[in-house]
Amino acid sequence: MASNSAVALAPAAAPAPISVWDQLAERASQGDYRPTLRQDLTWARMKTRHGQPNIMLADRPRKYLRLSPRDDQITQLMDGSRRVSDLVVEYFRRFGSFGFRQVTDLVTLLRGAGFLTDPPRDIYRDLGERLNPSPPVRQRRWVEGSGLRMKFPVRGIDGLVTRYHDAVGRFVYTPLFLWSGAVIATFGLLTFIRLLILGRDPFAPIAGSGLLAIVVLVIAYYAVILVHESAHALTCKHYGRMVPKGGFMLYYMMPAFYVDVTDAWLEPWRHRIMIFWAGPFSGFILAGASALGASAFGTGLIGTVLFKLAVAAYLMNLLNMMPLLLWDGYWILEQWLEIPDLRQKALTFIKGPLWSQLWSRKRLTGRETFFAVFGLLSAGYSLGSIFLAYLYWRRRLGPIISPLWLTPGFIGKVVAVGLVGAIGVPLGIRYGRRLWGYRTAVMNAPAAARKALFTIRMSDRLRLLEGLAFLKSLPQKSLERLAATAKVREIPAGAMVVRQGDRGDEFFIIAGGQAAVLVRDQNEDRVVGEMTVGDFFGERALLKSGVREGTVKAQTPLKLLVFQSKAFWNELVGPVAWESRVRGALEERDRLRALPMFADTGSRQLDLLAVKLQVRNFAPGEVIVRQGDPGDAFYIVRDGSLEVLVRKERSRRRVRTLETGDFFGEIALLSDVPRTATVQGLVAGSVWRLEPQDFRDLLGRYLDLEGQIAGVAASRLPHGHSMGGAN
């Protein structure tokens with residue numbers, strides 16, 4: 001009895017310790033990563049002009065992301081309680097397809113943008129910095145942007161704009177003021193036209209001085225810009241949004257002020273258009289009032305000054321309403337057409353796709369025709385603007401600097417040199433650096449070409465081939481011989497690699513660049529997917545010379561490894577078993593592609609999935625899962641049919657019949673719970689079986705939380721009036 005008592009009272013054996021390698025594997029498992037969305041982000045859920053969802057997520061005022069409705073739903077689930085694998089399963093539950101790439105791209109984008117609680121970190125860069133510390137680089141906060149859009153920002157102006165709005169906003173945004181302004185703008189424009197017809201000279205001297213007249217015109221120009229930008233800021237603040245910074249800028253070398261109203265992206269489209277329109281509207285009111293005053297005061301001093309103010313205001317509005325540069329007219333047009341990044345898309349189209357389509361005599365769609373016209377006009381206008389800016393500075397500075405330089409004494413020359421240095425030196429340095437960069441790029445072109453060729457040699461070819469799951473069992477020597485048969489083909493951006501409906505016998509692996517997969521629907525090519533390094537296409541050609549089911553178009557310059565179908569199989573003809581395995585894996589992946597649940601799954605994920613799935617045959621009456629048993633796998637009907645039986649008390653009844661493509665046991669991917677029904681064979685066939693750990697391993701094979709997301713981010717990051725801000 002004592003012995004039994006002693007045994008009963010003995011402490012339980014301590015659980016086996018988890019090894020450091022197991023802990024490391026668990027922490028490094030990307031499928032087990034638990035994204036947690038920051039709680040201080042701002043959501044804005046709106047409708048476009050055509051009633052489509054427009055969802056914005058912002059880390060104000062730093063970054064703004066545009067999300068799709070599906071992204072919105074999945075992002076709201078990122079509270080730290082769900083792993084990435086759980087989010088993929090939830091995507092499947094809600095939308096009926098395994099959105100591997102959709103979920104992982106979203107997680108990668110949010111983490112790279114700093115929207116998750118754990119900020120992104122480049123450990124290789126940090127390690128390199130520890131090993132080889134670089135000298136500190138001084139951050140120059142007084143200048144931003146590129147040479148064509150050089151900004152000198154003043155930060156922290158939101159409070160000032162708020163007080164300004166509180167002081168004048170209650171008057172400016174009343175119906176009386178707005179309608180009165182419209183009347184003044186209309187009659188003022190008619191009066192200005194009449195004064196021009198009567199011969200009023202915009203450059204008429206003041207007090208007998210032509211130089212003073214030009215100085216007054218320049219001052220009037222800056223006064224108009226200041227009013228213009230103030231109107232943008234006031235209207236943005238009127239809708240409750242922030243204006244974090246503003247300042248002076250050189251836009252295509254033209255002087256300007258700007259305000260940052262990017263926060264307007266959190267407003268509906270009507271409000272955004274009103275914010276963009278506020279600047280030109282204020283300019284028309286100011287110009288109209290000045291023209292009426294100039295008519296009333298005649299050609300005296302006050303009348304001449306007012307007429308020059310009207311000239312500057314109308315000139316400013318003429319430039320701003322031009323939609324070919326990133327000015328107000330462009331942003332209004334972009335919002336109205338609802339084509340994000342309109343200018344960039346048009347310029348990209350005329351750089352490559354336009355000429356390839358004209359060369360192949362392919363008829364342009366209406367959208368492509370618009371892109372072609374808009375892109376060509378924008379490119380021409382951009383170059384013309386640089387020339388006009390040069391004429392502007394020459395005409396404006398010449399009459400000022402020449403008299404100063406010719407004035408006797410030392411002070412005049414110092415002032416003249418100072419004016420040239422203040423404007424010419426910064427521009428000269430910036431454009432000199434750009435020209436030097438172009439020279440360096442040209443000089444390094446041969447070395448870059450040799451380096452590019454080196455990356456496509458045997459080591460990279462083998463790496464790409466080893467990444468194909470259906471070649472997993474192929475011996476290394478066979479892989480090397482197969483790599484040697486590949487041809488390298490370079491495709492320019494915008495060109496078609498294969499076309500839907502064509503026949504082909506080539507297989508492709510992407511060694512560099514990015515491509516889009518398009519399917520023609522109702523005479524319009526619709527993008528259904530994207531491919532990048534390591535992805536492949538044309539696999540049907542390895543099985544038989546079939547018709548291409550889609551068009552593959554190069555989004556960036558592509559480098560491809562190309563295999564002829566005959567050469568590919570010749571390398572496998574000796575080991576017949578391997579050839580049959582490859583054919584079997586490809587055919588299995590082809591079966592998966594046809595299922596609706598994998599419609600959103602890319603080629604690479606399908607390839608990996610085909611390897612993970614186990615095929616199990618069943619006979620009529622054979623039980624696959626039994627009600628009450630633990631749930632340990634997920635099943636998809638491959639062929640044949642099954643019946644779902646539910647037992648209640650002592651009776652069983654059929655509640656459903658499962659056919660090809662149907663699935664069951666999906667709860668097992670999330671948790672180990674008892675089966676709620678029995679599934680047994682009805683017509684002999686087979687099922688695919690996927691275990692939960694295989695599912696998470698699948699995620700870990702291709703999910704790259706630190707990967708390149710530029711392509712994804714570019715499609716989701718909105719741009720706009722400073723928002724880029726130019727005027």
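Right above here is the structure, for reference.
For every chain, the first residue of the written sequence is number 1, and numbering continues from 1 onward in sequence order. Totals for whole chains, interfaces and linings use every residue, but because this is a predicted model, local features are given only for residues with pLDDT of at least 70 and side-chain atom pairs only at 80 or more, for both listing and counting. Only hydrogens and water are set aside; all other atoms, that is, all heavy atoms of the structure, feed into the side-chain values.

Draft legend 1. Expanded view of a nonpolar patch on the surface. Each patch is built from residues lacking any salt bridge and having more than 30% relative accessible area; the joining distance is 9 Å for like charges and 5 Å for nonpolar side chains (Val, Leu, Ile, Met, Phe, Trp, Tyr). Per-residue accessibility takes into account occlusion by the displayed protein chains alone, with areas from the Shrake-Rupley method and a 1.4 Å probe. Whenever a carboxyl oxygen of Asp or Glu lies within 4 Å of a side-chain nitrogen of Lys or Arg, that contact is scored as a salt bridge. Taken together, the side chains of Val183, Ile184, Phe187, Leu190 and Leu292 present a nonpolar region at the surface, about 440 Å² in accessible area. The biggest single contributor to the nonpolar patch is helix H8 (residues 175-197), with 4 residues. Within the secondary structure layout, Leu190 lies in helix H8. Numbering of helices and strands runs from the N terminus, with a helix taken as a DSSP run of H or I at least four residues long and a strand as a DSSP run of E at least two residues long.

Draft legend 2. Broad picture of helix H19 (residues 476-484). The buried label applies to any residue whose accessible area, calculated with a 1.4 Å probe on protein chains only, is under 20% of its type's maximum; exposed applies above 50%, and partly exposed to all values in between. Of the positions making up H19, those classed as buried are Ser478, Leu479, Leu482 and Ala483. Viewed end-on, H19 has its buried residues packed into an arc of 140°, placing them on one side of the element. The outward face of H19, more than 90 degrees from its buried face, is lined by the exposed residues Lys477 and Ala484. Here, the arc refers to the directions that run from the helix axis to the C-beta atoms.

Draft legend 3. Looking closely at the pairing of strand E9 (residues 506-512). The buried fraction of E9 is high, at 7 of 7 residues. With 6 bridges connecting them, E9 and strand E14 (residues 558-564) associate as antiparallel partners. Counterpart to Ile509 in the pairing with E14 is Leu561. We call two strands paired when DSSP finds no fewer than two bridges between them. Sheet topology note: the E9/strand E12 (residues 536-537) ladder contains 2 bridges and is antiparallel.

Draft legend 4. Quick look at the nonpolar core. Counting residues in hydrophobic clusters, the biggest one holds 39 residues, and the most contacted among them are Leu37, Met78, Phe98, Leu110, Phe115, Leu592 and Phe598. Elements represented by at least two residues in this core include exactly strand E2 (53-59), strand E3 (63-67), helix H4 (84-95), helix H5 (100-112), helix H23 (603-612), strand E17 (634-648) and strand E20 (678-690). Note on definitions: a residue-residue contact is assigned when non-hydrogen atoms from the two residues lie within 4.5 Å. When sequence neighbours within four positions are dropped, the list of residues in contact with Leu110 reads Leu37, Leu57, Leu65, Thr75, Met78, Phe115 and Leu116. Grouped together as the second largest cluster of nonpolar side chains are 22 residues, Leu324, Trp327, Phe349 and Phe371 included. Side-chain atoms within 4.5 Å link the members of a nonpolar core, which is a set of buried Ala, Val, Leu, Ile, Met, Phe, Trp, Tyr and Cys residues.

Draft legend 5. Examining the sheet that holds strand E1 (residues 42-47) more closely. If you walk across this open sheet you meet the 3 strands as E1-E2-E3, and the pairing is antiparallel. Looking at the sheet topology across the chains shown, the edges are occupied by E1 and E3. Within this sheet the neighbouring strands show an average axis-to-axis angle of 20°, counted without direction. In the sheet, E2 pairs with E3 via 5 bridges, with the strands oriented antiparallel. Across the sheet, the residue bridging to Leu57 is Leu65, located in E3. Here the axes come from fitting lines to C-alpha atoms, over the contacting stretch only for helices, and the angles between their N-to-C directions go from 0 to 180 degrees.

Draft legend 6. Structural view of unusual backbone geometry. A cis amide bond, omega -10°, links Arg60 with the succeeding residue Pro61. Positive phi, normally seen in glycine, also occurs at Glu338, with a value near 60°. Positionally, Glu338 belongs in the loop between helix H12 (328-337) and helix H13 (342-351). Taking relative accessible area as the criterion, Glu338 reaches 26% and is therefore assigned partly exposed.

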